[in-house]
Amino acid sequence: MKPQLKCKDLLCPVYVEDTDFQGVVYHANYLKYFERARSEFLREHKISQTKALQTNESFIVKKLDLEFHHPAVLDDTLIISSIVILVSKARMHFLQSAHNNKNDTLIITGVVEVCYFDGIKDRPKAFPKNLLALFE
């Protein structure tokens, strides 16, 4: 399997709802931005999370390792970058980051471990074959 796959970058404008009373992005919202980027990666490759849910299967985050570097603020536009850095049949690691689109300031970096989950058996299972095929 290929060791890395660069995903398409995602632009995320920062709205007032994303910030605190000082106009600084809430730390939890970076997880939402990262999730959107991973979801777009699946959409880009025609992998439906809706179809997975209909069969009681889902992509779940197993582990997060984040490092905050600089705050993002109201009216910034963030570039969310994602690279799949590790793939096995049962897990993927995404190296993700957010940069300010105006000045390329690094906002946050993180590694997100994602698994595929069988809700009926209540345990992880192998990723769909069409997803794994991207890495062959």
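What you see as residue numbers is a count from 1 along each chain, following the sequence as written. Reporting of local features is limited, given that this is a predicted model, to residues whose pLDDT is at least 70; pairs of side-chain atoms are given and counted only at 80 or more, and all residues count toward the totals for whole chains, interfaces and linings. Each side-chain value is derived from all of the structure's non-hydrogen atoms; neither hydrogens nor water enter the calculation.

### Topic: the nonpolar core
Put simply, the rule reads: In this text, buried Ala, Val, Leu, Ile, Met, Phe, Trp, Tyr and Cys residues form a nonpolar core when linked through side-chain atoms within 4.5 Å. Partly exposed describes any residue whose relative accessible area lies between the buried limit of under 20% and the exposed limit of over 50%, with all areas from a 1.4 Å probe on protein chains only and scaled to the type maximum. Helix numbering and strand numbering both begin at the N terminus, where a helix is a DSSP run of H or I of at least 4 residues and a strand a DSSP run of E of at least 2. Whether two residues are in contact is decided by their heavy atoms: any pair within 4.5 Å suffices.
Phe41, Leu78, Ile80, Val84 and Leu131 are the most contacted members of the largest nonpolar core, which totals 32 residues. Only β2 (10–13), α1 (27–44), β4 (77–87), β5 (91–100), β6 (106–118) and α3 (129–132) provide two or more residues apiece to this core. Among the elements that make up this core, the one with the highest residue count is α1 (six residues). Aside from chain neighbours lying at most four places away, what touches Leu131 is Phe41, Leu42, Ile47, Phe59 and Met92.

### Notes on the pattern of salt bridges
Here is the rule we go by: A side-chain nitrogen of Lys or Arg and a carboxyl oxygen of Asp or Glu constitute a salt bridge if their distance falls within 4 Å.
A complete count under the given rule lists six salt bridges for this structure. Notably, a salt bridge pairs Arg38 with Glu35, separated by 2.5 Å at the nearest N-O pair. Taken together, the residues Arg38 and Glu35, both in helix α1 and three residues apart, mark about one turn of the helix. Residue classification places Glu35 among the partly exposed positions, given a relative accessible area of 34%.

### Concerning the side chain of Asp76
Tracing the chain through its elements places Asp76 in the loop between β3 (57–68) and β4. The buried category is assigned to Asp76, whose relative accessible area is 5%. Aside from chain neighbours lying at most four places away, what touches Asp76 is Cys12, Pro13, Val14, Asn100 and Lys102.

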